[in-house]
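Each chain, letter by letter, is given below.
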Amino acid sequence: MGLEMAERNSSSDDETVCYRLIVRNVPDEVFLDNAMKENLEGLFLAYGSHATFDYMKSFRRLRVAFMHEAEAEAARSAMHGKMFGEHKLSVFRATTSLTELFKSGQFLKPPKVERTELISPPSSPPVGWVQVREEPPVVDYQLQAAVAGLAEEGSIVELYKGGGELPTINVEICA
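Residues numbered from 1 in each chain as written. Predicted model: local features only at pLDDT ≥ 70, side-chain atom pairs only at ≥ 80, totals over all residues. Heavy atoms only, no water.

> Looking at this structure, I do not really get the pattern of salt bridges. What am I missing?
Two side chains bearing opposite charge may form a pair once their charged atoms approach each other closely. For the coordinates displayed, the defined rule picks out five salt bridges. Measuring nitrogen to oxygen at the nearest pair gives 3.0 Å for the salt bridge that ties Asp-54 to Arg-63. Judged by its relative accessible area of 15%, Asp-54 is buried. The exposure class assigned to Arg-63 is partly exposed, which follows from its relative accessible area of 32%. When the shortest N-O distance is used, the salt bridge between Arg-76 and Glu-73 registers 2.9 Å. Remark: Glu-73 and Arg-76 occur in helix H4 (residues 69-79); sequence separation between them is three residues, near one turn of the helix. Here Arg-76 falls in the partly exposed class, since its relative accessible area comes to 24%. Among the charged side chains, a salt-bridge network with shared partners connects Glu-69, Glu-73, Arg-76 and Arg-93. (Salt bridge = Lys/Arg side-chain N within 4 Å of Asp/Glu carboxyl O. Buried < 20%, exposed > 50% of the residue type's maximum accessible area, 1.4 Å probe, protein only. Helix = DSSP H or I, 4+ residues; strand = E, 2+ residues; numbered from the N terminus.)

As structure tokens, this is what we get:
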């Protein structure tokens with residue numbers, strides 16, 4: 001048992017190659033009943049005596065790891081489409097390691113960085129950064145005089161009567 005576990009744990013190393021199969025459509029009863037689990041494992045152990053099994057209950061799947069490619073291929077071709085209970089098993093090869101996938105370039109890569117500064121001013125601005133000066137607000141003195149002429153000082157003039165979701169605009173006349 002100790003040697004088997006050591007082989008299984010070292011299977012993620014690049015030097016050790018482990019041939020894995022994924023079995024789909026595993027009946028729910030297999031995860032609860034040890035006798036059914038042993039029956040299913042026995043079907044795969046016929047192709048390789050050192051096979052290891054990892055059950056994934058939430059996915060209704062089983063991962064079977066063999067030490068030799070010929071064992072894995074023989075098990076895959078014999079077990080694919082085989083009925084186990086009332087379920088038709090689907091067996092396919094699993095990836096041997098993620099490093100092979102990363103090296104193959106099958107994953108999307110992030111875009112190249114074009115600029116590293118933020119849109120808003122960063123805490124340490126880059127060299128040559130200058131803050132933009134805002135213009136003072138435009139004051140329309142004619143509008144102010146017209147509103148002031150509507151009423152006397154201290155009174156409130158309603159410029160727009162709101163309704164529904166629109167607000168009412170009131171101006172208080174002051175000196």
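> Can you walk me through a nonpolar patch on the surface in this structure?
A contiguous nonpolar patch, built from Leu-150, Leu-159, Tyr-160, Leu-166 and Ile-169 and spanning about 490 Å² of accessible area, is present on the exposed surface. With respect to the element layout, Leu-159 can be found in strand E7 (residues 156-160). Classification of Leu-159 by relative accessible area gives partly exposed; the value is 45%. (Patch = residues over 30% accessible without salt bridge, like charges linked within 9 Å, V, L, I, M, F, W, Y side chains within 5 Å. Areas by Shrake-Rupley, 256 points an atom, 1.4 Å probe, with all protein chains shown as cover.)

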